[in-house]
Amino acid sequence: MASFEAFACDDCHSLSTRPQRRCWRCGSSAIRSVNLIGRGTLVSFTIIRVPPTVFQGQEPYHIAVIDLDEGLRITARLVVPEGREAAIDDPVIFDAMRPYGPIFRLV
Ligand SMILES: [Zn+2]
């Protein structure tokens, strides 16, 4: 199973999706990479039908706001299997990382 890479502060235990020199919350420099399971809940989503040039041909696709169980809110691409519909509070799981960001899918 894929794991979702994030960055944790050893002092205040806050999480971030991006590597930073200092913690966004407490200013500590004790930042380390952590692998999260990447399970979460769908908070919000939209369907992109008119994408930017770089994503043309991939439409329609879902962009979602997801609350990870491990305590991080992220924006990600969401894969919705054929014949299903996404709904708020649906469980989702991390699937893969792409150059443009993470991909999650409905559980
Ligand atoms: Zn901190």
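Note that the structure is a prediction, hence the values are computed from the model and not measured. (Residues numbered from 1 in each chain as written. Predicted model: local features only at pLDDT ≥ 70, side-chain atom pairs only at ≥ 80, totals over all residues. Heavy atoms only, no water.)

(A) Quick look at the sheet that holds strand 4 (residues 39-48). The five strands lie next to each other as 4-5-6-8-7, forming a closed barrel whose pairing is mixed. The sheet shows a mean angle of 45 degrees between the axes of neighbouring strands, taken without regard to direction. Pairing between strand 4 and strand 5 (residues 61-68): eight bridges, direction antiparallel. In the strand pairing of strand 5, isoleucine 47 is matched with histidine 62. (Pairing = 2+ DSSP bridges. Helix = DSSP H or I, 4+ residues; strand = E, 2+ residues; numbered from the N terminus. Axes fitted to C-alpha atoms, helices over the stretch in contact; angles between N-to-C directions.)

(B) Spotlight on the packing of aromatic side chains. With the rule as written, the count across this model stands at five aromatic pairs. Both rings, one in phenylalanine 55 and one in tyrosine 61, keep their centres 6.0 Å apart while their planes meet at 75 degrees; by these two values the pair is edge-to-face. On the basis of relative accessibility, which here comes to 17%, the residue phenylalanine 55 falls in the buried class. Feature note: the residues Phe4, Phe94 and Phe104 constitute an aromatic cluster, connected by ring pairs. The ring of tyrosine 61 has arginine 77 lying over it, and the distance from NZ or CZ to the ring centre is 3.8 Å. (Phe/Tyr/Trp six-rings, centres within 6.5 Å; stacked < 30°, edge-to-face > 60°. Buried < 20%, exposed > 50% of the residue type's maximum accessible area, 1.4 Å probe, protein only. Lys NZ or Arg CZ within 6 Å of the ring centre and 35° of its normal.)

(C) Up close: the pattern of salt bridges. The final tally for this structure, using the stated rule, is three salt bridges. Between aspartate 10 and arginine 32 there is a salt bridge, with the nearest N and O atoms lying 2.4 Å from each other. Taken together, the residues span a long stretch of sequence, with aspartate 10 in the loop between strand 1 (4-9) and strand 2 (15-16) and arginine 32 in strand 3 (residues 31-36) at a distance of 22 residues. (Salt bridge = Lys/Arg side-chain N within 4 Å of Asp/Glu carboxyl O.)

(D) Expanded view of the coordination of the zinc ion. Within the protein, Cys9 (SG), Cys12 (SG), Cys23 (SG) and Cys26 (SG) serve as the donor atoms for the zinc ion, at 2.3 Å. Bound by four donor atoms, the zinc ion shows angles of 103 to 115 degrees at the metal and therefore tetrahedral coordination geometry. Counting gaps between the donor residues of the zinc ion yields the pattern C-x2-C-x10-C-x2-C. (Donors = N, O, S within 2.8 Å, 3.2 Å for Na, K, Ca; no water. Tetrahedral: all angles 85-135°; square planar, octahedral: opposite > 155°, others 65-115°.)

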